[in-house]
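# Chain and residue survey
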Amino acid sequence: MSGADTRVAVLGYGSIGRVVAARLLDGAIPGARLVAIVDQRPQADAPVPQTDLDDAIADSDVIVECAGQSVVAEHAERILAAGRDLLISSAGALVDPDLARRLRAGGPGRVLCTSGAIGGLDLLAAAADAAPFETVIVRTTKKPAALVQPWMDAERAAAIATASAPMTVFEGDAAEAARLFPRSLNVAAAVSFAVRDLDLVRVQLIAAPDADLTRHEITAAGPMGRYRFEIENLPSADNPRTSAVVPYAVLRSLATLLRRPALIG
Ligand SMILES: NC(=O)c1ccc[n+]([C@@H]2O[C@H](COP(=O)([O-])OP(=O)(O)OC[C@H]3O[C@@H](n4cnc5c(N)ncnc54)[C@H](O)[C@@H]3O)[C@@H](O)[C@H]2O)c1
């Protein structure tokens, strides 16, 4: 997709989608034109028409998903089948092997996951191209309130929300992490895709009351070397589960998908 005027629809007008939409309107990616917003809730201040997804698919070239894993699971295939490219923020959706297989086989639209809240995925992917990793660990530390989940019973939710010292909330593999913490562990999924081994990646999730920044520590070791990335992100003011940098990562990924320079900054 590299025409002079690429039509972009933003699916999910929340903390990520709002910044992506505003920056696109500001000309962050030359030649990329925001044409529609799709959201399940009415958005009175939408800067372009709010449409349903069918109309957005009909009227756009690229759909930028910033809505959640369930939206990817439900709609990605038909977006690709309509020949529209899909940029995914909710990478954790693809830990479902059936969905991942269907999307790989789907098209003709293309699918790309943003690197989102983290970096270093290119190096991890290159090392994995050379030889499989032996160990990969993703350790994420967030404010407790961002980690309480609807499936938790009241006692567990209260224990996390009121934790006065760092507390391990989850330890396990990346697929389970993405399933249990769908809005918090897209990062673990993205690392798993980079190293191409969902079962290898161990995930630890820690609730820390003093975690003003969201921290991701990624360590990986294999025949190509040892890698350690430590990322501390400012949470979004609108949504403490999301880092404020994510919409800018989405815009960079969109520029890559469109093969255009991003004039962001
Ligand atoms: N890759 C990463 O590093 C990373 C980081 C943070 C968030 N994310 C993903 O991005 C998603 C969005 O994050 P956010 O902070 O903008 O969330 P948000 O809750 O602020 O906004 C999500 C928006 O999507 C809308 N929405 C939800 N379900 C919908 C549906 N079925 N149809 C249409 N609209 C729907 C909501 O109404 C809301 O306006 C998260 O759920 C998460 O999966 C990824």
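The structure this text deals with has already been given above.
Residues numbered from 1 in each chain as written. Predicted model: local features only at pLDDT ≥ 70, side-chain atom pairs only at ≥ 80, totals over all residues. Heavy atoms only, no water.

### Quick look at unusual backbone geometry
Which entries qualify depends on this criterion: Here a helix means four or more residues in a row that DSSP labels H or I, a strand means two or more in a row labelled E, and each is numbered from the N terminus.
Residue Gly 107 is joined to Pro 108 through a cis peptide bond whose omega torsion reads 15°. Its location among the elements puts Pro 108 in the loop between α4 (97-105) and β5 (111-113). Even without being a glycine, Arg 196 presents a positive backbone phi close to 55°. For Arg 196, the location among the structural elements is in the loop between α8 (186-195) and β8 (201-207).

### Topic: the state of the cysteines
Note the threshold: Defined by distance alone, a disulfide is two cysteine sulfur atoms within 2.5 Å.
Here the structure, examined in full by the defined rule, presents 0 disulfides. Between Cys 66, a free cysteine, and Cys 113, which holds the nearest cysteine sulfur, the sulfur-to-sulfur gap is 13 Å.

### Here's the deal with the packing of aromatic side chains
Here is the rule we go by: Classification of ring pairs uses Phe, Tyr and Trp, with its six-membered ring standing for Trp, and accepts pairs whose centres are within 6.5 Å; under 30 degrees between planes counts as stacked, over 60 as edge-to-face, and the remaining range as tilted. We call a residue buried when its accessible area falls under 20% of the maximum for its residue type, exposed when it is over 50%, and partly exposed in between, using a 1.4 Å probe and counting protein chains only.
Tallied over the full model, the rule gives 3 aromatic pairs. Summarising the aromatic geometry, the rings of Phe 170 and Phe 181 are spaced 5.8 Å apart at their centres and angled 65° between planes, so their arrangement reads as edge-to-face. In this pair, Phe 170 sits in strand β7 (residues 167-173) while Phe 181 sits in the loop between α7 (174-180) and α8, placing the two residues 11 residues apart along the sequence. You'll find Phe 170 and Phe 181 in the same group, each marked buried. Three or more aromatic residues link up through ring pairs in this structure, and these residues are Trp 151, Phe 170 and Phe 181.

### Digging into the pattern of salt bridges
We apply this condition: Basic side-chain nitrogens of Lys or Arg form a salt bridge, by our definition, when they fall within 4 Å of a carboxyl oxygen of Asp or Glu.
Summed over the entire model, instances satisfying the criterion amount to 14 salt bridges. Notably, a salt bridge pairs Arg 228 with Glu 217, separated by 3.6 Å at the nearest N-O pair. Of the two residues, Arg 228 is situated in strand β10 (residues 225-233) and Glu 217 in strand β9 (residues 214-222); the sequence distance between them amounts to 11 residues. Owing to a relative accessible area of 52%, Arg 228 belongs among the exposed residues under this scheme. Exposure remark for Glu 217: the relative accessible area of 13% places this residue in the buried category. Several salt bridges share partner residues, and in doing so they unite Arg 139, Arg 215, Glu 217, Arg 228, Glu 230 and Glu 232 into one network.

### Points about the site of the ligand
Keep this limit in mind: Throughout, the term near means that a residue has one or more heavy atoms lying within 4 Å of the molecule or strand in question. Pairs of N or O atoms within 3.5 Å make up the polar contacts considered here, provided that, within protein, one atom can donate a hydrogen while the other can accept it, and that residues adjacent in sequence are counted only when both atoms are side-chain atoms. Each residue is assigned to one of three groups, with Ala, Val, Leu, Ile, Met, Phe, Trp, Tyr, Cys and Pro labelled nonpolar, Asp, Glu, Lys and Arg labelled charged, and all others, Gly among them, labelled polar.
Lining the immediate surroundings of the ligand are 22 residues, of which Ser 15, Ile 16, Asp 39, Ser 90 and Thr 242 lie closest. Here an oxygen atom of the ligand sits 2.6 Å away from a polar atom, N or O, in the side chain of Asp 39. Thr 242 places a side-chain nitrogen or oxygen 2.5 Å from an oxygen atom of the ligand. Residues that form the shell around the ligand fall into these classes: 8 nonpolar, 11 polar and 3 charged.

### Let's talk about the nonpolar core
Condition: Buried residues of nine kinds, namely Ala, Val, Leu, Ile, Met, Phe, Trp, Tyr and Cys, make up a nonpolar core once their side-chain atoms join them within 4.5 Å. For this analysis, residues touch if any pair of their heavy atoms sits within 4.5 Å.
With 60 residues, the main nonpolar core has Leu 24, Ile 29, Leu 124, Phe 133, Val 191 and Leu 254 as its most contacted residues. In this structure Leu 254 touches Val 8, Leu 24, Ile 29, Val 62, Val 64 and Leu 87, once residues within four positions along its chain are discounted. Val 35, Leu 80, Leu 94 and Leu 99 belong to the second-largest nonpolar core, a separate cluster that totals 20 residues.

### Regarding the sheet that holds strand β4 (residues 85-88)
Stated precisely, the cut-off is as follows: Whether two strands pair depends on DSSP finding at least two bridges between them. Between N-to-C directions, angles span 0 to 180 degrees; the directions come from axes that are lines fitted to C-alpha atoms, helices contributing only their stretch in contact.
One open sheet accounts for 5 strands, arranged β2-β1-β3-β4-β5; its pairing is parallel. Two strands close off the open sheet at either side, each with one partner strand: β2 (32-38) and β5. Recorded for the sheet is a direction-independent mean angle of 20° between the axes of neighbouring strands. Across 6 bridges, the pairing between strand β1 (residues 6-11) and β2 is parallel. Looking at β2, one finds that Val 10 is bridged to Ile 37. Its contacts with the sheet put helix α9 (residues 246-257) on β1, β3 (62-65), β4 and β5, and the angle it makes with β4 is roughly 155°.

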